[in-house]
Amino acid sequence: MPLNFNSGSGTGSATGYIRYMASTASWSDQGDNLDFKAAIFDLANIQTGWCYIDVGVAPEWVMDDNIETRSARPEGDGWKRGFKVNIYSKAMFGDESPVREWGTNSTGAQLGIQALYAAWEESNPKAGTSPVVEFAGGVPTKIGKGNTNVPTLNILKFIATPSELGGGASPAPAPVAAPAVSNDTIDDEF
């Protein structure tokens, strides 16, 4: 019997990753430019925690037990609050591996995901559904002494959660109608 060291925590897992680059309000898929249009976000299973990112090495994570209880900050400099969420799109990522993890501790991304998560909670999604989310550009924002671009992430509609995201494992209240989708490409996939 082979040894299985995959902890499922993102590091060492088979799930690819995407990155939002706030300086250019653009995305990359495992280092390659990505034209991010829309994807299904697994917000029912979003994770929060402490993240340490350094150049040239994989991020280190200390995850919270749940999104309501913050874990203790690890010792050492450079640890910042962050999140991880799985994103699904066969059109952007291909049929073989349609899931990517978006995990970051950047301030701009946190502001964008907080706004998306609040909209998701307010929509009272039906159990077993996930939001189709469009990226509508970045909003230049001054934070402290620096600048960032906060991603604008809008819920287009809700669909049945794909099996690759766990098939909607998190219960939720009754659905609310979502706005109509106008982009034909998005309609073709979702």
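Definitions and cut-offs
Residues numbered from 1 in each chain as written. Predicted model: local features only at pLDDT ≥ 70, side-chain atom pairs only at ≥ 80, totals over all residues. Heavy atoms only, no water. Phe/Tyr/Trp six-rings, centres within 6.5 Å; stacked < 30°, edge-to-face > 60°. Helix = DSSP H or I, 4+ residues; strand = E, 2+ residues; numbered from the N terminus. Buried < 20%, exposed > 50% of the residue type's maximum accessible area, 1.4 Å probe, protein only. Lys NZ or Arg CZ within 6 Å of the ring centre and 35° of its normal. Salt bridge = Lys/Arg side-chain N within 4 Å of Asp/Glu carboxyl O. Core = buried A, V, L, I, M, F, W, Y, C linked by side-chain atoms within 4.5 Å. Contact = heavy atoms within 4.5 Å.

Attention shifts here to the packing of aromatic side chains. Applying the stated criterion across every chain yields a total of 11 aromatic pairs. A ring pair is formed by Trp27 and Trp102, whose centres lie 4.9 Å apart and whose planes are at 65°; its orientation type is edge-to-face. With a gap of 75 residues between them, Trp27 in strand E2 (residues 26-29) and Trp102 in strand E8 (residues 99-104) connect regions that are remote in the sequence. Per residue, the accessibility class of Trp27 equals that of Trp102, and both read buried. Three or more aromatic residues joined by ring pairs form one cluster here, namely Tyr20, Trp27, Phe36, Phe41, Phe83, Trp102 and Phe135. Taking NZ or CZ as reference, Arg81 lies 5.1 Å from the ring centre of Trp50, over its face.

Further remarks concern the pattern of salt bridges. Tallied over the full model, the rule gives three salt bridges. For the salt bridge of Asp64 with Arg81, the shortest nitrogen-to-oxygen distance reads 2.5 Å. A residue pair is termed long-range when its members are at least 10 positions apart, and Asp64 in the loop between strand E6 (60-63) and strand E7 (80-88) and Arg81 in strand E7 qualify at 17 residues. Among the residues examined, Asp64 registers a relative accessible area of 10% and is labelled buried.

This next bit is on the nonpolar core. Formed by 25 residues in total, the largest nonpolar core has its most connected members in Phe36, Phe41 and Trp102. Elements supplying a minimum of two residues to this core: strand E1 (16-21), strand E4 (38-41), E7, helix H1 (90-93), helix H2 (107-122), strand E9 (129-143) and strand E10 (146-160). In terms of residues, this core owes the most to one element, H2, which gives five residues. For Phe41, the contacting residues outside a window of four places in its chain are Phe36, Val85, Asn86, Ile87, Trp102, Ile113, Leu116, Ser130, Pro131, Val133 and Leu153. With nine residues, the next largest nonpolar core counts Ile40, Tyr88, Ile159 and Leu165 among its residues.

It is worth stressing that arrangement in space is one thing and function is another; only the former is reported here.
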